[in-house]
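Read off the chains here:
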Amino acid sequence: MGKFEETMQKMAEDQRVPSEVKAKFFQTLQTLPDHKTVKTKSFNRIIRRGSVIAASFLLVVGTVYAAERSGLFEYLSQVIGVSDRQVEIQEVTEVQTTREGNNQYGLLWNITEGWNDGVKLYFEAIVPKTVAENRKLDIALSDHCVVNGKDCMLNFDISEEGKYICSIDISELENTSVYDVEIRLKLLRNQYNWDEYDLTTDPNSPYDYSKDVSLEEEQTLRFALAGDSIARSGWIDNTSIAGAEVNVSKALLSPSTLKLKFTYRITGDQAEQKINEAGLASGFFYIKDTDGNRIDTLRGRLAKTVSDVYTDENGYLCRDYEINTLPVIMDENDEMQKVQLSTETTSINVVPFDGEWDEEGRFVPGTDVELGWGGFSIVFVRES
Amino acid sequence: MSLSDRLLVRRARNGDKQAFQQLMEQQIVSMYKVARVILKNDDDAADAMQETALTCWGKINELERDEYFRSWMTRILINHCNAIYRKRTMSISEESIPEKGDWDQEFDRMEWKMVLNSLDDKYRIVIILFYVEGFKTKEIADILQIGESAVRARLSRGREMLRRQLGRDTN
């Protein structure tokens, strides 16, 4: 090795950073300001239809294998916190496809692994290298798909270049051990300048990438995911709730998701005041399990919907709620806390809370207090 | 970039501060080397690293692809280094800045630092990004916003200058 290479190697191997530099850097990291802006990527793009239609039909075969072999399991364990005891990964070996367009790149998604936890179907999809490494090609998909003939919400995350981890909400479907999934993919060819686009950090002059996108190919993938549900359904335990009635229409607890749908019904002189209390109007609830774990809907990683007040046929003032959350909470500084509802819990308590808001409408941490009425319990059983 | 790093970037982009902290802690050695080579003293390097952490946190949700995090962060770091360097050269001479830390106390490390310091800035940055940080010429071109051919030319010329400086190499 020459002196030059030796010198470069010495520098590359040197891992030391002076303590003063380290201290200043770590202090900066510990005192980062809060920011809550989350960028979402839109896949609604203008496309042209392809002309050639081809179809191929293959059998769908699935087998179960050990979770520790699985890239999907690695994702599930890191992002959702599932254990290998909870996960039976299904290997998806064959997929049925219908193709429209140029058909140059083969199957756009190789579906390799799947898992049914009873509320969501997860699967891993791998893009062929010829597509993944071609920066002029993009795969676009809708946030809807069809499962057992019904429309379902589809979410995805990209675990690494060319690898998608998808989840489909099946909580509104009838429980079964096999789910037939149909997903439509579009392969788009772009002419925009990736380098300019990727490195643009000025929000005032974003790169307009939509003008040069055209449809290369469309594919409809059909495959089956098998596996018995390990979600548990629940029902309301105590119906004698002071000051209110609650109807629970859905309660599902799985390793990935806690899903609740319920309606508050209030009558009497103070009904209007109670149904409009800030905590109830905003849908702030503590959710506590029998092991003492507690998450809340203010800081959880969740989707939450709260309806407007309406009057039912019996004259009750009502609000509908739907909570769909990972059973993990964020703390008051938006930092992840590994507080998680036990998926083995026999019941949960759902308790509305209230608190104080600052001048900019942000909840003031530490001011939360239970309403003192309106809490209810849900007991869970294992799915048969 | 490993799967776990990709997930850290993804979480950081979604506002997970702890993930961002973990991600940046992994970059500290790399950041220090780049900043130190450009600025030649620890105080300024620490300032540049601090500013870079804040800028990256503020703008990480504008990063479109997880795998570009490192080159994106390095570009921001170099921009901060250049700003500090310009400000400093207007107000203080380089020789008057005290050296700090244990970096300078070992001869072999002093040797490569002095050797690199003998190069003009434009060669020094390209050399460290290529040989020490392992970036490809295309990535360096993106980071520095210059052509790839210019990167290759600077690498070649910088390498020859260093070899001459080091004396014993013949090619």
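Residues numbered from 1 in each chain as written. Chains lettered and ligands numbered in written order. Predicted model: local features only at pLDDT ≥ 70, side-chain atom pairs only at ≥ 80, totals over all residues. Heavy atoms only, no water.

**Q** Before we go on, may I ask you to explain the pairing of strand β15 (residues 258-266) of chain A in this structure?
**A** Strand residues, when the strand is regular, have side chains that alternate between the two faces of the sheet. Residues and elements named next belong to chain A. With eight of nine residues buried, β15 lies mostly within the body of the structure. With eight bridges connecting them, strand β14 (residues 245-253) and β15 associate as antiparallel partners. Bridging across to β15, Asn 247 finds its partner in Thr 263. (Buried < 20%, exposed > 50% of the residue type's maximum accessible area, 1.4 Å probe, protein only. Helix = DSSP H or I, 4+ residues; strand = E, 2+ residues; numbered from the N terminus. Pairing = 2+ DSSP bridges.)

**Q** Would you take a moment to explain the packing of aromatic side chains for this structure?
**A** Two aromatic rings are characterised by how far apart their centres lie and by the angle between their planes. Residues and elements named next belong to chain A. One pass over the full model with this rule turns up 19 aromatic pairs over all chains. Ring centres of Trp 109 and Tyr 164 lie 5.0 Å apart, and the angle between their planes is 50 degrees; on these two criteria the pair is classed as tilted. Placement of the pair is Trp 109 in the loop between β4 (96-101) and β5 (110-116) and Tyr 164 in strand β10 (residues 163-169), with a sequence separation of 55 residues. Counting every residue linked through ring pairs, the aromatic cluster contains Trp 109, Phe 123, Phe 156, Tyr 164 and Phe 223. Taking the ring centre of Tyr 286 as reference, the NZ or CZ of Arg 294 above it sits at 4.0 Å. (Phe/Tyr/Trp six-rings, centres within 6.5 Å; stacked < 30°, edge-to-face > 60°. Lys NZ or Arg CZ within 6 Å of the ring centre and 35° of its normal.)

**Q** Any chance you could explain the nonpolar core here in plain terms?
**A** For soluble globular proteins, nonpolar side chains are generally found buried alongside one another. In terms of nonpolar packing, the biggest core is built from 60 residues, with Phe20(B), Met24(B), Met49(B), Phe69(B) and Leu129(B) touching the most fellow members. With 33 residues, the next largest nonpolar core counts Leu108(A), Phe123(A), Ile170(A) and Leu187(A) among its residues. (Core = buried A, V, L, I, M, F, W, Y, C linked by side-chain atoms within 4.5 Å.)

**Q** Before we go on, may I ask you to explain the confidence of the model for chain B in this structure?
**A** Reading fine detail from the predicted coordinates is not recommended where pLDDT is low. Residue and element names in this part refer to chain B. Looking at chain B as a whole, the pLDDT averages 77, with 79% of positions reaching at least 70. Mean pLDDT per element in chain B: helix α6 (residues 107-117) is the minimum at 56, and helix α4 (residues 42-59) is the maximum at 90. Counting contacts from residues 92-110, a segment whose pLDDT is below 50, to residues more than four positions away or on other chains yields 34 contacts. With pTM at 0.54, the complex prediction returns an ipTM value of 0.81. (pLDDT = per-residue confidence, 0-100. Contact = heavy atoms within 4.5 Å.)

**Q** Help me understand the pairing of strand β13 (residues 232-236) of chain A, please; the structure alone is not making it clear to me.
**A** Residues and elements named next belong to chain A. Burial along β13 is one-sided: the residues Arg 232, Gly 234 and Ile 236 are buried and none of Ser 233 and Trp 235 is. Relative to β14, β13 runs antiparallel, the two being bridged by two bridges. Among the inter-strand pairings, Ser 233 is bridged to a residue of β14, identified as Leu 252.

**Q** Where do I start with the packing of helix α2 (residues 19-30) of chain A against α4(B) in this structure?
**A** Helix-helix packing is characterised by the crossing angle of the two axes and by the distance between the axes. It is the contact of α2(A) with α4(B), at a shortest axis distance of 9 Å, that shows an interaxial angle of 20 degrees. Between α2(A) and α4(B), the crossing angle belongs to the class labelled roughly parallel. The handedness of the crossing between α2(A) and α4(B) comes out as right-handed. Together, Val21(A), Lys24(A), Phe25(A), Thr28(A) and Leu29(A) of α2(A) and Asp42(B), Ala46(B), Asp47(B), Met49(B), Gln50(B), Ala53(B) and Leu54(B) of α4(B) make up the contact between the two elements. Taken together, the residues that form the contact of α2(A) with α4(B) break down as seven nonpolar, two polar and three charged. (Axes fitted to C-alpha atoms, helices over the stretch in contact; angles between N-to-C directions. Parallel < 35°, antiparallel > 145°, perpendicular 65-115°, else oblique. Left-handed = near helix turned anticlockwise from the far one by under 90°. Nonpolar A, V, L, I, M, F, W, Y, C, P; charged D, E, K, R; others polar.)

**Q** Can you help me understand the pattern of salt bridges in this one?
**A** In the structure shown here, the tally under the stated rule is 16 salt bridges over all chains. Note that Asp47(B) is salt-bridged to Lys24(A), the shortest N-O span being 2.2 Å. Placement of Asp47(B) in helix α4 and of Lys24(A) in helix α2 is noted, with the two residues assigned to different chains. Residue classification places Asp47(B) among the partly exposed positions, given a relative accessible area of 26%. Residue Lys24(A) is classed as partly exposed on the basis of its relative accessible area of 26%. The partner of Asp312(A) in a salt bridge is Arg265(A), and the shortest N-O contact between them spans 2.9 Å. Placement of Asp312(A) in the loop between β19 (310-311) and β20 (317-330) and of Arg265(A) in strand β15 is noted, with a sequence separation of 47 residues between them. Judged by its relative accessible area of 14%, Asp312(A) is buried. (Salt bridge = Lys/Arg side-chain N within 4 Å of Asp/Glu carboxyl O.)

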